[in-house]
Amino acid sequence: MSETLVGSGQIDASKRTWLIASSCVGAVGGIAAVVPFVSSFQPSEKAKAAGAAVEADISALKPGEKMTVEWRGKPVWIMRRTPEQLAALPKLDSQLADPKSERKPAEQAPEYARNETRSIKPEYLVTVGICTHLGCSPSDKFQTGAQPSLPDDWQGGFFCPCHGSTFDLAGRVYKNKPAPDNLEVPPHMYLSETKLLIGEDKKA
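S.K.: Which parts of the structure should I look at to understand the pattern of salt bridges?
M.R.: A side chain with one charge may pair with a side chain of the opposite charge, provided their charged atoms come close. Tallied over the full model, the rule gives 9 salt bridges. One salt bridge connects Glu184 with Lys74, and the closest N-O pair in it is separated by 3.9 Å. You can see Glu184 sitting in the loop between strand 7 (166-168) and strand 8 (188-190) and its partner Lys74 sitting in strand 3 (residues 74-80), a full 110 residues away along the chain. Taking relative accessible area as the criterion, Glu184 reaches 25% and is therefore assigned partly exposed. A salt bridge links Lys121 to Glu193, with the shortest nitrogen-to-oxygen separation between them at 3.3 Å. Placement of the pair is Lys121 in the loop between helix 4 (105-108) and strand 4 (124-128) and Glu193 in the loop between strand 8 and strand 9 (195-198), with a sequence separation of 72 residues. Exposure remark for Glu193: the relative accessible area of 61% places this residue in the exposed category. Sharing partners across several salt bridges, the network here consists of Asp93, Glu116, Asp168 and Arg172.

S.K.: What's the story with the packing of aromatic side chains in this structure? I'm lost.
M.R.: Think of a pair of aromatic rings as described by two things: how far the centres are apart, and how the planes are tilted against each other in angle. Scanning the entire structure with this criterion turns up 4 aromatic pairs. Geometrically, the ring pair formed by Tyr124 and Tyr190 is tilted, given 6.3 Å between the ring centres and 55 degrees between the ring planes. Note that Tyr124 is positioned in strand 4 and Tyr190 in strand 8, a separation of 66 residues in sequence. As far as burial versus exposure is concerned, Tyr124 and Tyr190 are alike and both buried. Judged by centre distance (5.7 Å) and plane angle (80 degrees), the rings of Phe142 and Phe158 are edge-to-face.

S.K.: Can you help me understand the pairing of strand 9 in this one?
M.R.: Within a regular beta strand, the side chains point alternately toward one face of the sheet and then the other, so they alternate between its two faces. Strand direction decides the pairing type here: strand 1 (residues 54-57) and strand 9, joined by 4 bridges, are antiparallel. Paired with Ala56 across the bridge in strand 9 is Leu196. The antiparallel pairing of strand 8 with strand 9 creates a hairpin that spans 4 residues between the two strands.

S.K.: Looking at this model, I keep getting lost on the side chain of Asp201. Mind explaining?
M.R.: Take Asp201: it is sitting in the segment after strand 9. One polar contact links Asp201 to Tyr112, side chain to side chain, over a distance of 2.6 Å. For Asp201, the residues in contact, after removing those within four places along its chain, are Tyr112, Pro187, His188 and Met189.

Cut-off values and rules
Residues numbered from 1 in each chain as written. Predicted model: local features only at pLDDT ≥ 70, side-chain atom pairs only at ≥ 80, totals over all residues. Heavy atoms only, no water. Salt bridge = Lys/Arg side-chain N within 4 Å of Asp/Glu carboxyl O. Helix = DSSP H or I, 4+ residues; strand = E, 2+ residues; numbered from the N terminus. Buried < 20%, exposed > 50% of the residue type's maximum accessible area, 1.4 Å probe, protein only. Phe/Tyr/Trp six-rings, centres within 6.5 Å; stacked < 30°, edge-to-face > 60°. Pairing = 2+ DSSP bridges. Polar contact = N/O pair within 3.5 Å; in protein donor to acceptor, adjacent residues only side chain to side chain. Contact = heavy atoms within 4.5 Å.

Note that all results are geometric; they support no functional claim without further evidence.
Structure (structure tokens):
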């Protein structure tokens, strides 16, 4: 009688061990099934490269300062222009190759940025920091006045050291320079007073 009870206990123990093992395998399989499902909600590297929108916090950007974010593998500059810098822009039209961004308008800037400041809010410039000549990245030249490789009446802007193209603080190219077009203004919109979304806009 005692042997029968012991044998039954062994059988129960074996069943319990098998059930626990099966549950563990099932749990692991369940986790494995969930992980790909959850990861499918994350943008892939391919999606990012194709142009996934990027958020930028501009709350710490002071007048006269510039920050850079990456979108589609390109540097996008966000500059907060001073009142003095904005006031100088209309005075430069005669020196610029395309002051009103009329060349290739669909490629250069969204409709809402085809204005004197090339922006939604005059204070903020949002532009791709790649020269339209051969793809170099221009340098910041915000200081005004005569400087090497720049005109004596320089009002601040960007200088491409590769071949000497110059752009004003709206990303507009000066006349008689290798760069054929103004710097590109990407699609963008304001999510709030301090947050920008680069790569998407309300009209997209």
